[in-house]
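Chain and residue survey
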Amino acid sequence: MPSDQAAPRRYEDFTTIDWIQDSIIEKNRRIRDADKARTAHRGVHGEITPTWVWAQCWKLLTAGESWFVITLVGGIFIGANAALISIVTEWLSDIKMGYCSDGWWLNQQFCCWEVESDEEFCPSWHPWSTIFLARWLVYVIFAGMFAFVAAHLVRTMAKYAAGSGISEIKCILAGFIMKGFLGFGTFFIKSLTLPLVIASGLSVGKEGPSVHVACCIGAIVAGWFHRFSRSESKMREVITAASAAGVAVAFGSPIGGVLFSIEEMSHIFSIKTMWQSFVCALVATFTLSVMNPFRTGKLVLFQVTYSRDWHFFEIIFFVILGIFGGLYGAFVVKFNMQVAAFRRKHLANHAVAEAVTLAILTAVVGYPNRFLRIDMTELMSILFRECEGGGDYDNLCQLSAQWPMVNSLLLGTFIRMGLVVMSYGAKVPAGIFVPSMAIGATFGRMVGIIVKSISRAYPQSGMFTVCDPDIPCITPGTYAFLGAAAALSGVMRITVTVVVVMFELTGALTYILPTMMVILVTKAVGDFIGTRGIAEETIRFNGYPILDQDDHSSNVAVSEVMKKDLSILYATGMTVNNVEDVLASTDVKGFPIVASKSSQVLSGYIGRTELRYVLDKAQHMGDVTPETLCSFSRQASDQEDFVLSGVTSGSALGAEEDVAVELLEASNDVLKVWPWVNQTPLTVSPRLPLEIVMQLFKRMGPRVILVEEQGSLKGLVTVKDVLRFSAAEKSEGDEPLWDVGELEAILEVMWNWAVGIMDTSLGWCTSVVRQRFG
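Residues numbered from 1 in each chain as written. Predicted model: local features only at pLDDT ≥ 70, side-chain atom pairs only at ≥ 80, totals over all residues. Heavy atoms only, no water.

Looking now at the overall build of the protein. A tally of helices and strands in the protein yields 27 helices and eleven strands. The 774 residues of the protein split such that 55% are buried. When the accessible surface of the protein is totalled, it reaches about 34800 Å², and 61% of it is carbon and sulfur. (Helix = DSSP H or I, 4+ residues; strand = E, 2+ residues; numbered from the N terminus. Buried < 20%, exposed > 50% of the residue type's maximum accessible area, 1.4 Å probe, protein only. Areas by Shrake-Rupley, 256 points an atom, 1.4 Å probe, with all protein chains shown as cover.)

Structure, rendered in structure tokens:
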């Protein structure tokens, strides 16, 4: 049997999954499996037979298959892949600065493993030059080269490897089909280019892409098992668990990963999925710990432990950090969407040039600043430390250099903010977690240094009298830590996850309360401004048909939104030729079925894919002519309930190949399509508030909802219809963030100016050539 005549492919690229239909399919499969299991029994006298033994073994294997897949995904693949990416990233980041004479494959940390001081005291580590400008030039060249290779590989081999991937995975988990987004090509290219992008110095992170890579691993491994490859719902469980493992290995935070999958990724989260996410995150983190990529016992570079407590007067400064986090999130989301609109309009065909330009610009601007020059994860590990016990870096803790440090940190904060706005969304693997945390850390450390200097200058002041004179009163590293939490929460609009991730990074119970305070203030500021998280805004910008949890509508009826001009089928009286004409004249994904031309009484709904499958299968069997009648409703002569190869209750959804053949062979002079018809589609009244219809889409996940009144079909509504109405309903004062704004207008002027200069230069060169050579 040809492959295209096998079971119908129900979901095409850029369509949505009907979760109700998928549940019916899965139910029918369970019924067939149960029927097959009942046929395997003991002998006549109760003796054990090989068939019975095999049935029991198969039952045991099936029961543990899900947990085996979850363990395989998290343990062997996600954890190992994360460790390898971390090792390669560290080496590529250091190769821009110099090389190790003991072995070219060693990064600076391993090259100077037995040396506890800075690089100038490490005889094995050699900078590329002793001249500042020469080192700067090599740094810039490496940055541009890394960005070029990464962008070129993404553009030519795996377009879906670009970006963070979190927005698209949220849509996939909600039921949106993007074939290839979780494929092997995307996984391989993203894993290969991610270290190059981070080493190029672009103000992007690897933590968001790590989630995408983990979900690719989950989809690939689950696809090896028939039970998962044929079920969208089970595949969603594995991908959700893999997303938790991706965050777990990115931050060394298994519980934070589970909470991230609940709070940010999945629309519907069951207890079973939570346990699977927990196991997957735990096993992945354990594997990463065993591989110990940094040889420090830490899962990530910026893990830190604090030995001192905080004081109540510091709450004032914690509030400042929370306000900064909220403002930072609003600023980045707004202007990054404007940059995305400009990129779509002018730079769609210049992805490689854009990435190289941004990398060179970042290297040129960032190299003179000590806090922009080094890798962002290493930067956070430096800024989070206490000054005592080897926490000083380049005079960061020296009183004589505190104000130059404040200036450098402030400059680094605002420069990196601008670079993040410009870089996030470029056509390379790019996350925003760590860049945001790095920005918050530099700002927080600056605030901490200022507060510490004030406490030293005015030790007898009212608020500082509670400090023990024998113990440092202020720990600037904790301010960097809290600033990082505020910035991450501000740009992603996640709360509980950030608190738990930060706790797992420090292990300090005493700093849970300050972290919660900072996150609360950040959320309040973000809610006051009315900014969504950058993942939600990216979904809206790309126009994916996914309703967010916060989407709501004013008090309007569904009749104002529904489609009324429908392509319909009639339960009886239509020939195969008539049905083919309807399929050829429209490209809709499904058809409501009514009783007849004179009666609009709703009889059911059939998907385009199922209808096409039935027609092709019947014609392939050779028993159907163009004049053969099609029956879309069960007739009195049909059995009330038929049982064919395990298909029960009048539904052939999810039927295997032999079942479909048996059903079609049972049709004599009429092609019986009704077993593939959903005879009880989800319906609502035209007067039902749109708000409730939106809740049905979010919680039940149908592809379409039919609108009927007293049994008569009036229209249908889809998620796209709801989103289109919501967009039109917005007032002028609530324009999307990606409409033309201040930054996009500036970029337009700069673009036109650059194009004008290029055109003038090209015209001048052409005229000179013509004059010289005739």
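Let us look at the environment of I76. You can see I76 is positioned in helix α2 (residues 50-95). Overall, the relative accessible area of 52% leaves I76 in the exposed class. Separated by 208 residues in sequence, I76 and A284 place their C-alpha atoms 7.5 Å apart.

With that out of the way, let us pick up a nonpolar patch on the surface. Together, W67, I255, I271, W275, F278 and L282 line one region of the surface with nonpolar side chains, adding up to about 590 Å² of accessible area. The element contributing the most residues to the nonpolar patch is helix α11 (residues 271-291), with four residues. As for its placement among the helices and strands, W67 is situated in helix α2. On the accessibility criterion, W67 (36% relative accessible area) is partly exposed. (Patch = residues over 30% accessible without salt bridge, like charges linked within 9 Å, V, L, I, M, F, W, Y side chains within 5 Å. Salt bridge = Lys/Arg side-chain N within 4 Å of Asp/Glu carboxyl O.)

This part is about the packing of helix α12 (residues 315-346) against helix α18 (residues 476-492). Packing of α12 against α18 brings their axes to within 7 Å, and their N-to-C directions diverge by 35 degrees. Our pair here, α12 against α18, has a crossing hand that is right-handed. Along its contact with α12, which presents F317, F318, L321, G322, G325, Y328, G329, V332 and V333, the element α18 presents Y479, L482, G483, A486, A487, G490 and V491. Residue classes in the contact of α12 with α18 are distributed as eleven nonpolar, five polar and no charged. (Axes fitted to C-alpha atoms, helices over the stretch in contact; angles between N-to-C directions. Left-handed = near helix turned anticlockwise from the far one by under 90°. Contact = heavy atoms within 4.5 Å. Nonpolar A, V, L, I, M, F, W, Y, C, P; charged D, E, K, R; others polar.)

Okay, the nonpolar core next. Core analysis: the largest hydrophobic core is formed by 123 residues, its most contacted members being V73, I78, Y328, F384 and I432. For this core, the leading source of residues is α12, giving twelve residues. Those residues within four positions of Y328 in sequence are excluded, and the remaining contacts are M417, V420, S436, I439, A487 and V491. (Core = buried A, V, L, I, M, F, W, Y, C linked by side-chain atoms within 4.5 Å.)

Here we come to helix α13 (residues 351-366). With 16 residues, α13 ought to run about 22 Å at 1.5 Å a step, and its terminal C-alpha atoms sit 22 Å apart, in line with that. On its buried face, α13 sits against α4 (132-157), α12, α14 (370-373) and α16 (402-423). (Expected span 1.5 Å × (residues − 1).)

Within this structure, the stated rule accounts for zero disulfides. This cysteine, C216, is not joined by any disulfide, and C215 carries the nearest cysteine sulfur, 7.3 Å off. (Disulfide = S-S within 2.5 Å.)

As enumerated under the stated definition, the model contains 25 aromatic pairs in all. A centroid spacing of 5.9 Å and a plane angle of 25 degrees characterise the contact between F251 and F433, whose relative ring orientation is stacked. Taken together, the residues F251 in helix α9 (residues 232-251) and F433 in helix α17 (residues 433-457) connect sequence positions 182 residues apart. Comparing F251 with F433 shows no difference in burial state: the two are buried. What links up through ring pairs into an aromatic cluster is the set Y99, W128, F142 and F146. (Phe/Tyr/Trp six-rings, centres within 6.5 Å; stacked < 30°, edge-to-face > 60°.)

A few words on the sheet that holds strand β5 (residues 590-594). Adjacent strands of a sheet form backbone hydrogen bonds with each other and so pair up, either parallel or antiparallel. Strand order in the open sheet formed by three strands is β3-β5-β6, with mixed pairing between adjacent strands. The strands lining the two open edges of the sheet, one partner per strand, are β3 (569-570) and β6 (602-607). Alignment of β5 against β6, held across five bridges, turns out to be antiparallel. Following the sheet pairing, V594 is matched in β6 by L602. Packed on one face of the sheet, helix α23 (residues 608-621) meets β3, β5 and β6 and runs near 80 degrees to β6. (Pairing = 2+ DSSP bridges.)

A word on the sheet that holds strand β7 (residues 629-631). Taking strand neighbours across the sheet as the criterion, the three strands line up as β4-β7-β8 in an open arrangement whose pairing is mixed. The open sheet has two edge strands, β4 (574-575) and β8 (670-672), and neither has a second partner. As judged from the three bridges shared by β7 and β8, these two strands associate in the parallel manner. Each residue of the ladder has a partner; that of C630, found in β8, is L671.

Next up on the list: the pattern of salt bridges. Any two side chains of opposite charge can pair, so long as their charged atoms come close to each other. A full pass over the atoms with the stated rule returns eleven salt bridges. Note that E207 is salt-bridged to K206, the shortest N-O span being 3.8 Å. No difference in accessibility class separates E207 from K206, as the two residues are buried. K523 is paired through a salt bridge with D527; the nearest N and O atoms lie 3.3 Å apart. Of this pair, K523 and D527 both sit in helix α20 (residues 512-529), four residues apart, which is roughly one turn of the helix. Using a relative accessible area of 36% as the deciding quantity, one classes K523 as partly exposed. Since its relative accessible area comes to 43%, D527 is described here as partly exposed.

For the pair helix α5 (residues 166-174) and helix α10 (residues 254-265), interaxial distance at closest approach is 11 Å and the crossing angle is 75 degrees. Accordingly, the angle class assigned to the pair α5 and α10 is roughly perpendicular. Touching I166, I169, K170 and L173 of α5 are F260, E264 and M265, all from α10. In terms of residue class, the contact of α5 with α10 is made up of five nonpolar, no polar and two charged. (Parallel < 35°, antiparallel > 145°, perpendicular 65-115°, else oblique.)

Here the focus is the environment of G590. Residue placement: G590 occurs in strand β5. For the pair G590 and T609, spaced 19 residues apart in sequence, the C-alpha to C-alpha distance is 7.9 Å. Each residue touching G590, except ones within four places of it in the same chain, is listed here: Y605, I606, G607 and R608.

This brings us to the pairing of strand β11 (residues 712-718). Most of β11 is tucked away: five of the seven residues are buried. Here strand β10 (residues 704-709) pairs with β11 via six bridges, running antiparallel. Within β11, the position partnered with L706 by the bridge is L716. In textbook terms, the turn of a hairpin is the stretch between consecutive antiparallel strands, and for β10 and β11 this stretch comprises two residues, one of which, Q710, has a positive phi near 55 degrees.

Secondary-structure assignment places V290 in helix α11. Relative accessible area serves as the criterion here: at 58%, V290 is assigned to the exposed category. Between the C-alpha atom of V290 and that of A80, which follows or precedes it by 210 residues, the distance is 9.5 Å.

A positive phi angle, near 45 degrees, is found at N292, a position not held by glycine. Among the structural elements, N292 can be located in the loop between α11 and α12. With relative accessibility at 18%, the residue N292 sits in the buried group. Phi is positive for R493, which is not a glycine, with a value near 60 degrees.

Looking now at the confidence of the model for the protein. Confidence along the protein averages 81 in pLDDT terms, with 83% of residues attaining 70 or more. Here residues 1-5 is a poorly scored stretch, pLDDT under 50, and it has nine contacts once near neighbours within four places are set aside; other chains count. In this model residues 640-650 is a low-confidence stretch, pLDDT under 50, and it forms 34 contacts with partners more than four residues away in sequence or in other chains. (pLDDT = per-residue confidence, 0-100.)

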